Every structure is written in C-alpha cells, then in structure tokens.
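Below, each chain spelled out in residue letters.
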Amino acid sequence: MNFSLWCDYLEKDFINGDFASMIKEGKISGATTNPAIFKTAFESGAYSEQIASLKGKKEAKKIYELLAMNDVKNAAFKLLTNYANGEDGFVSIEVRPELFDDGVGSLDEAKRIFNAIKMPNVMMKIPASEQGCYAMRELVKRGINVNATLVFSLEQAKECIKAFEKGLKSYKKKFPNTKEPECVISVFVSRFDRELEESLKKAGLDHMKYGIYNATSIYYEIEAYGLNNVRTLFASMGVKDGKASPDYYIKELAFERSINTAPLDALKVANSINVIAPTSKEVIEEYFTKAAAAGINHEKVCAKLFSDGISAFKEAYAQSINALQA
C-alpha cells in the first residue's frame, strides 16, 4: 500500500460538497476528526436548525454526540467504495478527551459510539496514554478499527504497537479467516516545531525539522514491527511559518505505507505528491544529538505536548458543550 492523504476536517455542508469531490477525484481516501474540529464545525451555522430542534429535548452532551456521529456516518458512507476496494476509506471519531486516563470508560464509550454509527469503516480514536492502550487492545480484540492519537514519543508508539499486537492475536484466535481490524498510530508533527522554534534557532538547527525527524524515527519503528494492519498516520500537519508552503509537511513525510491527515489549506495546494524515502537514521541521530547538547530534553517536551494536547481537546469539547447549553 502506498502513501495516502486524508482530510483533517469535517463539517455537514462540506461533506456533501468539497469532501465528496475530493474523494471522487482520488485526492483523499479518509478523514479524521477531533473535538477542536467539531467545535469549529458546530460554529459554522450549518447546524443551527438541528441544534434548535434538539435544545430542551436532549442534554448538551447528547446533542454534541448526535451531530458528531451524523457527520462521521455521512462521511463514512461517502468513503465506502474506497473501503470496499481496500483503499483506506476510514473516518475517525474520538472518545471524550476527559476519558484519556480511564481505560474502561474509553472502551465502553468507543464500543457504544461504534455500534451506534453502524459503519464498518469507522475508526475509534483513543489518546495514547497507558489507560488508552488498554482500551485500544480491547477494541482491536473485538474487531473495531483504532486510531491511536496524540503520539509524540517513540515509547508511546511502542506501547500502542504492543496493544494492537495483543488485540489482533486475540481477535484472530476468536475470528479466524475474517477481515482484520485496521489501526493507525497518529504521530503529531508540527507542534514540536512551534514549541521549540526559538531553542532550535539558537542552536543553529532547522526548527522545521524536529517534528519531521521525530515522526520519521517513529515511522521506522512501526515499520520494523511488520504488522500489516498497523500504519503510521502523520498528524498535526498545519504550517505556522509563513515562509513554508501549506503542504510542506505532507511533502516531507510522504513515505511508503504511511498516511498524512492534513488541514484544508494544505489539501488545496497538495498536488502530485511524490512518495519519498525517509531521512536516514544517521542524519536524524546527529540532529537530535545536537538538540540534546543545546539543552532540549526530548522526553519532557513529548510529555508537555501530550498534556497540552489533552488540555486543548478538553477545552474545545467544554466550549462546544457550553454553547449547546446556551
């Protein structure tokens, strides 16, 4: 399987318009969502009538869930042909961010949402925490596709791989000769470059390579495990440096058997993406050695970015709930 491009955005009107067109043109073969994406979508005005009809009849959390699940189901329907042809076709929906450290809670919510949407090409998105890995393992064991999200470190990726491997072993034992659940490990990229820009510049290092090299190292690890149902998904691909093209990260991470999920501005300019070979391990090691010598503690940065990511998703979710209660 070659390189794939997914859309990191969904919205009701967009699904029936540009999203459907991009699928038909073969530009994208999947989609990802998160609480921040749904917050933006619900503020667009496209849901005004739906929200008005539901307020007073259902609590805000139920309204949020209904709107999100409807969008994911509609997007999954648009991607069914891709899925049937083995050309991805997946749409991700995330459990509530407050459940990131609750394995049983994440598992129960993921099962409930997956069963409610009733589409085979939905991926349940779980933050890559210790408890999240428990939920991932149990979901794969039950044949449910999983997107491990907010992955910043190699250790996180390894734990996700182990969870997927154990879950798949149990699944195959119970359901031999059936379609295996698909899994992706969402490695976040550009947040490193924004977090470390000043430190890297002072060290004389290209500040827009840290996230790419970290993601590439994780890609090497995932590929080395050789699990056919597990791929690297490069996420957090938004370019904040005006000097670079919106599709900069896509072009730098267009590896064999990998996926890029990108925002709309990047997708609009991402034409004729060529699959490239990853930067060598030696070059990456030299870069990180220099970064460490400059005082950058990689483990601490990864931990901070994971914590920041959870906090940002919690805030976006809370803001959506508050707006739906108003």
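The structure reproduced in this document is the subject of the present report.

Cut-offs applied
Residues numbered from 1 in each chain as written. Predicted model: local features only at pLDDT ≥ 70, side-chain atom pairs only at ≥ 80, totals over all residues. Heavy atoms only, no water. Helix = DSSP H or I, 4+ residues; strand = E, 2+ residues; numbered from the N terminus. Polar contact = N/O pair within 3.5 Å; in protein donor to acceptor, adjacent residues only side chain to side chain. Phe/Tyr/Trp six-rings, centres within 6.5 Å; stacked < 30°, edge-to-face > 60°. Buried < 20%, exposed > 50% of the residue type's maximum accessible area, 1.4 Å probe, protein only. Lys NZ or Arg CZ within 6 Å of the ring centre and 35° of its normal. Contact = heavy atoms within 4.5 Å.

With that settled, the discussion passes to the side chain of Asn214. Among the structural elements, Asn214 can be located in helix α10 (residues 210-225). Within polar-contact distance, the side chain of Asn214 engages the side chain of His298 at 3.1 Å.

This part is about the packing of aromatic side chains. Per the counting criterion, the structure on display carries 23 aromatic pairs. Ring centres 6.5 Å apart and planes at 40 degrees place the aromatic pair Trp6 and Phe90 in the tilted group. Here Trp6, found in strand β1 (residues 4-7), pairs with Phe90, found in strand β3 (residues 90-94); they are 84 residues apart in sequence, far enough to count as distant. By relative accessible area, which is 3% here, Phe90 ends up buried. Between Phe100 and Phe306, the ring centres sit 6.2 Å apart and the planes meet at 65 degrees, which makes this aromatic pair edge-to-face. Linking Phe100 in the loop between β3 and α6 (103-117) with Phe306 in helix α14 (residues 298-325), this pair joins segments that are 206 residues apart in sequence. An aromatic cluster of three or more residues is present, and its members are Phe152, Phe188, Phe192, Tyr210, Tyr213, Tyr287 and Phe288. A cation over an aromatic ring shows up here: Lys281 above the ring of Tyr220, its NZ or CZ 5.0 Å from the ring centre.

On to the environment of Ala128, then. Here Ala128 is to be found in the loop between β4 (122-127) and α7 (130-141). You can call Ala128 buried: its relative accessible area is 7%. On a C-alpha basis, the gap between Ala128 and Ala110 in space is 14 Å, while along the polypeptide they are 18 residues apart. Residues in contact with Ala128, not counting those within four places in the same chain, are Met136, Thr149, Leu150, Val151, Gln156, Cys160 and Phe306.

Any link to function would need more than the numbers given here.
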